[in-house]
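Residues per chain are reported as follows:
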Amino acid sequence: MQTWIRRGAIRSSGTFCTGVALMVVTLFSWSSPLTGIPNSTTATATSVDQNSTNNINQPRWIEIDLSEQRLRAWEGHKLVYSYRISGGKRSTPTPIGRFRINSKYRTHRMRGRGYNIPDVPYTMYFYRGYAIHGAYWHNRFGTPVSHGCVNLPVKQARNLYNWAKNGTLVVVRK
């Protein structure tokens, strides 16, 4: 009986230690994409030059016009997609500037002050915790209602997600 208890304890302690080790590694290797969200209306990406949008020679790029609440996807000067969006509210604005898509997730949990949304579809981060993504929780596209991200209907977000690559230029203007 004591041998059986000892074997069970050894087996349990090994599983426990492995679990603790995995949690520690995960804790130190994971960083939230929402850290450091600025509370200003403008932001710039230093890795992208600051020329006007007329001089864009990128094969594929995304233009977000906040005054029109519209996203346009371009291949050079040819319009590929044009979608109504929901940008950031006045209290939580979408950053203005030139950025690049730096990570893409088929689904992603988004958390911040006043929201915690699981399974956000077709998420493409372009600046700190700001992303272009599908929004299944509202249908108010054309109106600024987000916490700074660029919301699209899910089907349109899927099209854009499949079309854009990491590194795709994103130009956001008022």
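Predicted model only: the values in this text are computed from it and were never measured.

Draft legend 1. Looking closely at the overall build of the protein. The helix and strand inventory of the protein stands at two helices and nine strands. Start at the N end of the protein and walk to the C end: the helices and strands fall as α-β-β-β-β-β-β-β-β-α-β. The buried share among the 174 residues of the protein stands at 40%. Excluding contacts between residues fewer than 6 apart, the proportion of contacts in the protein whose partners are at least 24 apart in sequence is 61%.

Draft legend 2. Local environment of the packing of aromatic side chains. This model, assessed by the stated rule, comprises nine aromatic pairs. Here Lys 104 stacks its cationic end above the ring of Tyr 161, 4.4 Å away from the centre of that ring.

Draft legend 3. Expanded view of the nonpolar core. Counting 25 residues, the largest nonpolar core has Ile 62, Ile 64, Leu 71, Phe 126, Ile 132 and Leu 160 as its most contacted members. For this core, the elements supplying multiple residues, two or more each, are strand S1 (61–65), strand S2 (70–75), strand S6 (115–127), strand S7 (130–134), strand S8 (150–152), helix H2 (154–163) and strand S9 (169–173). Setting aside its immediate chain neighbours within four residues, Ile 132 contacts Ile 62, Ile 64, Leu 71, Tyr 122, Thr 123, Met 124, Phe 126, Val 150, Leu 152, Leu 160 and Val 170.

Draft legend 4. Up close: the side chain of Ser 86. Here Ser 86 is to be found in the loop between strand S3 (78–84) and strand S4 (97–100). Overall, the relative accessible area of 0% leaves Ser 86 in the buried class. Here the side chain of Ser 86 touches Arg 140 through a polar contact of 2.9 Å, landing on its backbone oxygen. In this structure Ser 86 touches Gln 69, His 138, Arg 140, Phe 141, Gly 142, Thr 143, Val 145, Ser 146, Cys 149, Val 150 and Asn 151, once residues within four positions along its chain are discounted.

Draft legend 5. Fine view of unusual backbone geometry. For Tyr 122, which is not glycine, the phi dihedral falls at a positive 50°. Following the sequence through the fold, Tyr 122 ends up in strand S6. Of note in the backbone geometry, Arg 128 takes a positive phi value of approximately 45° without being a glycine. With respect to the helices and strands, the residue Arg 128 is situated in the loop between S6 and S7. The class of Arg 128 is partly exposed, set by a relative accessible area of 45%.

Draft legend 6. The arrangement of the sheet that holds S8 in detail. Taken in spatial order, the four strands of this open sheet run S5-S6-S7-S8, and their pairing is mixed. The two strands at the open ends of the sheet, each matched to only one other strand, are strand S5 (103–112) and S8. Direction aside, the axes of adjacent strands within the sheet are offset by 40° on average. Looking at chain direction, S5 and S6 are connected through eight bridges and run antiparallel.

Draft legend 7. Up close: the sheet that holds S3. Across the sheet, which stays open at both edges, the five strands sit in the order S3-S2-S1-S9-S4 with mixed pairing between neighbours. The open sheet is flanked by S3 and S4, the only strands paired with a single partner. Ignoring strand direction, the axes of neighbouring strands in this sheet form an average angle of 20°. Pairing between S4 and S9: four bridges, direction antiparallel. Across the sheet, the residue bridging to Gly 97 is Val 172, located in S9. Across the sheet, H2 lies against S1, S2 and S3, angled at about 145° from S3, the strand it touches most.

Definitions and limits used
- Residues numbered from 1 in each chain as written.
- Predicted model: local features only at pLDDT ≥ 70, side-chain atom pairs only at ≥ 80, totals over all residues.
- Heavy atoms only, no water.
- Helix = DSSP H or I, 4+ residues; strand = E, 2+ residues; numbered from the N terminus.
- Buried < 20%, exposed > 50% of the residue type's maximum accessible area, 1.4 Å probe, protein only.
- Contact = heavy atoms within 4.5 Å.
- Phe/Tyr/Trp six-rings, centres within 6.5 Å; stacked < 30°, edge-to-face > 60°.
- Lys NZ or Arg CZ within 6 Å of the ring centre and 35° of its normal.
- Core = buried A, V, L, I, M, F, W, Y, C linked by side-chain atoms within 4.5 Å.
- Polar contact = N/O pair within 3.5 Å; in protein donor to acceptor, adjacent residues only side chain to side chain.
- Pairing = 2+ DSSP bridges.
- Axes fitted to C-alpha atoms, helices over the stretch in contact; angles between N-to-C directions.

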